[in-house]
Each structure stands twice: as structure tokens, then as C-alpha cells.
Amino acid sequence: MNVFWDAIVWLFSPEQYSGPSALPVLLLQQLGYTAVAVAIAGAIAIPVGLAIGHTGRGREIAVAVSGAARAVPSFGLLVLLVLLMGVLHKPEAAVVTFVVLAIPALLAGAYSGLEAIDRRVIDAARAMGLTEWQILWRVEIPLGLPLLVGGIRSAVLQVVATVTIAAYVGLGGLGLPIIQGIPLRRIDQVLGGAIVVALLALVLDALLALAQRAAVPAGIRAQAPSRTPRRLRSRPVQAA
């Protein structure tokens with residue numbers, strides 16, 4: 001219990017909120033790398049996933065690519081890219097690493113959201129005379145949006161946790177106190193940095209969970225079965 005208390009003391013000590021390595025600065029760096037990586041990965045993976053889900057072609061290739069990307073160790077890829085691209089391009093190497101990490105979840109969320117739609121709904125839209133582009137934007141994307149947001153949620157959580165390795169190559173982020181504290185045997189600092197990363201992930205997960213719930217179309221929410229408990233029926237009074 002003393003270890004956790006020491007970590008809390010470290011977190012709220014004034015020196016952690018001043019200077020270039022202050023926790024707010026590291027937090028902004030963590031969020032910055034996460035936002036840039038997820039945005040670039042989304043620009044690549046979401047259109048591809050929507051095309052796969054709409055046409056039904058290329059799913060096997062997408063699954064294979066996603067599986068290969070998930071199998072790549074992020075730390076090893078980061079070090080390799082830094083060596084290949086040079087120390088002057090460490091930020092670019094880090095962003096590429098995190099983009100590779102985010103693509104599988106975004107790709108799966110995009111095409112699985114469209115695949116989950118009842119085909120009869122798509123057939124009805126075609127029977128009404130809608131073009132394929134109109135079907136995609138007016139029918140498929142709104143109905144598949146919850147799973148797409150779920151893919152974004154998964155990608156954000158994976159990236160925001162992995163961005164801590166950026167400190168190994170001198171790029172800052174919330175991994176910096178952890179990496180600095182390990183050789184110094186500062187358990188309070190290591191645990192304090194880990195607590196901040198965990199809290200950040202929990203906050204982002206809660207916000208994206210709300211966004212995923214809000215992405216459900218109003219008509220589908222209205223059709224959801226009510227969870228209110230049944231009223232207890234009064235027993236009939238027996239005649240004497």
C-alpha cells in the first residue's frame with residue numbers, strides 16, 4: 001500500500017507540473033501522437049473497409065493484412081524504422097508504427113459494420129431506385145456507424161497505450177517517467193506514470209463508448225426491447 005501512496009504523492013508533487021517534462025506536456029504529446037496516427041490510419045483503412053463491406057469483395061485479403069499487421073511487434077517496428085529513416089525522422093517513424101497498429105481495428109470496424117446490415121434492407125433501397133453511392137451514404141454508413149465507431153474505439157485504446165514506447169527513442173509522451181524511473185529504481189515514478197496512462201485510456205474508452213452508443217440510429221434505439229421489469233400481478237382474492 002505504501003507503494004501506491006508514494007505513486008500518488010509523486011503524481012501530485014509540484015515538480016511534476018513544471019518544466020519541459022511536466023505531466024500536462026507529456027499528456028498532450030501522448031494525445032497528439034494518438035490523434036495523428038488514428039487520423040492517418042482512418043483515412044487509409046475506413047474507405048477500404050467501406051468498399052469491402054459494400055461490394056463484398058476483398059474480405060479475405062483484408063483479414064490477411066489485418067492479421068499480419070497485428071502480428072508485427074510495435075517496439076521492434078519502431079526501432080527498425082528509426083534505424084532505416086534516421087534519427088532526424090524519429091517522429092515520422094513513430095507515427096508510421098502507430099498507424100500500422102491502428103489500421104486492423106479500423107478496417108475491421110468499417111467492413112464488419114456494413115456486413116452486419118440485413119441484406120433485405122439493401123435490396124429494398126435498390127428497389128426504391130437508389131444508386132449504389134446513395135445506398136452507401138444513406139443506408140449502409142448510418143446503420144454500420146456503431147461498429148465503425150467501435151473500431152475507432154479499439155484503435156484509439158491500442159494506440160494510446162502503445163505510444164508510451166515513443167519515449168524509448170526520445171519522443172516524450174507518458175512513457176517518459178516510466179522509462180526514466182526503471183534504471184533509477186523509482187517505483188513511485190514508474191507506477192505513477194502507469195497510473196496516468198491507465199486513467200487516460202479509461203477516460204478515452206468512456207468517451208468513445210458514449211459516442212458509439214450515440215451512433216446507433218434513433219429508429220433502431222426505438223425498436224430495442226424495453227428492459228423495464230414486468231409489473232407484479234396481484235393474486236386473485238379467493239372466495240371464503
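Structural data are supplied above this passage.
Throughout what follows, the structure given in this document is the object of discussion. (Residues numbered from 1 in each chain as written. Predicted model: local features only at pLDDT ≥ 70, side-chain atom pairs only at ≥ 80, totals over all residues. Heavy atoms only, no water.)

### Side note on the pattern of salt bridges
Selection rule: In the sections that follow, a salt bridge refers to a side-chain nitrogen of Lys or Arg positioned within 4 Å of a carboxyl oxygen of Asp or Glu. Helix and strand assignments follow DSSP, with helices taken as H or I runs no shorter than four residues and strands as E runs no shorter than two, numbered in order from the N terminus. Partly exposed residues are those whose accessible area sits between 20% and 50% of the maximum for their type, while under 20% is buried and over 50% is exposed, using a 1.4 Å probe and protein chains only.
Inspection of every chain in the model, using the stated rule, returns six salt bridges. Of the charged contacts in the structure, one is a salt bridge between D205 and R153, with a shortest N-O distance of 2.6 Å. Of the two residues, D205 is situated in helix α9 (residues 187–214) and R153 in helix α7 (residues 132–162); the sequence distance between them amounts to 52 residues. Judged by relative accessible area, D205 falls into the partly exposed class, the value being 23%. Judged by relative accessible area, which is 23%, R153 ranks as partly exposed. D188 serves as the salt-bridge partner of R186, at 3.1 Å between the closest nitrogen and oxygen. Judged by its relative accessible area of 33%, R186 falls in the partly exposed class.

### Some words on the packing of aromatic side chains
For the record, the criterion: Working definition: a ring pair exists when centres of Phe, Tyr or Trp rings (six-membered ring for Trp) sit within 6.5 Å. Plane angles under 30 degrees give stacked, over 60 give edge-to-face, the rest tilted.
For the structure on display, the rule yields three aromatic pairs. Taking 5.1 Å as the distance between ring centres and 65° as the angle between the ring planes, the aromatic pair formed by F75 and Y168 counts as edge-to-face. With F75 in helix α4 (residues 74–85) and Y168 in the loop between α7 and α8 (175–184), the pair connects residues that are 93 residues apart, well separated along the chain. For the pair W133 and W137, a centre-to-centre distance of 5.8 Å together with 55° between the ring planes defines the contact as tilted. Residue W133 and its partner W137 are both found in helix α7; the two are separated by four residues, about one turn of the helix.

### Quick word on empty space enclosed by the protein
Put simply, the rule reads: In this analysis a 1.4 Å probe is tested at points of a 1 Å grid over the protein atoms alone, and where it fits but cannot get out there is a cavity; an open set with protein on both sides within 12 Å along at least five of seven lines is a pocket; lining residues have an atom within 4 Å of a point. Grid points are joined across faces, edges and corners, and a volume is the space filled by probe spheres set on the points. Each residue receives one of three labels: charged for Asp, Glu, Lys and Arg, nonpolar for Ala, Val, Leu, Ile, Met, Phe, Trp, Tyr, Cys and Pro, and polar for the others, Gly being one of them.
Counted according to the given criterion, the structure contains one cavity of 30 Å³ or more. Its volume calculated, the largest cavity comes out at about 40 Å³. If you trace the largest cavity, you find it lined by A69, V72, S74, L77, T97, V100 and L101. Elements with a minimum of two residues in the lining of the largest cavity: α4 and α5 (90–115). A per-element tally of the lining of the largest cavity places α5 first, with three residues. Taken together, the residues that form the lining of the largest cavity break down as five nonpolar, two polar and no charged.

### What to know about the layout of surface pockets
The computed volume of the largest pocket comes to approximately 160 Å³. Surrounding the largest pocket, L11, F12, Y17, L23, P24, L27, V196, L199 and L200 form its lining. Those elements that provide at least two residues to the lining of the largest pocket are α2 (23–55) and α9. Broken down by class, the residue content of the lining of the largest pocket amounts to nine nonpolar, no polar and no charged.

### A few points about the environment of R138
Within the fold, R138 resides in helix α7. Separated by 13 residues in the primary sequence, R138 and A125 have C-alpha atoms spaced 9.4 Å apart.

### Looking at the side chain of T164
Rules: In this description, contact between two residues means that some pair of their heavy atoms is separated by no more than 4.5 Å.
Note that T164 resides in the loop between α7 and α8. Look at T164 and you get buried, because its relative accessible area is 16%. With sequence-adjacent residues up to four places away left out, T164 is seen in contact with Q30, G175, I179 and V197.

Nothing here speaks to function; it is all geometry.
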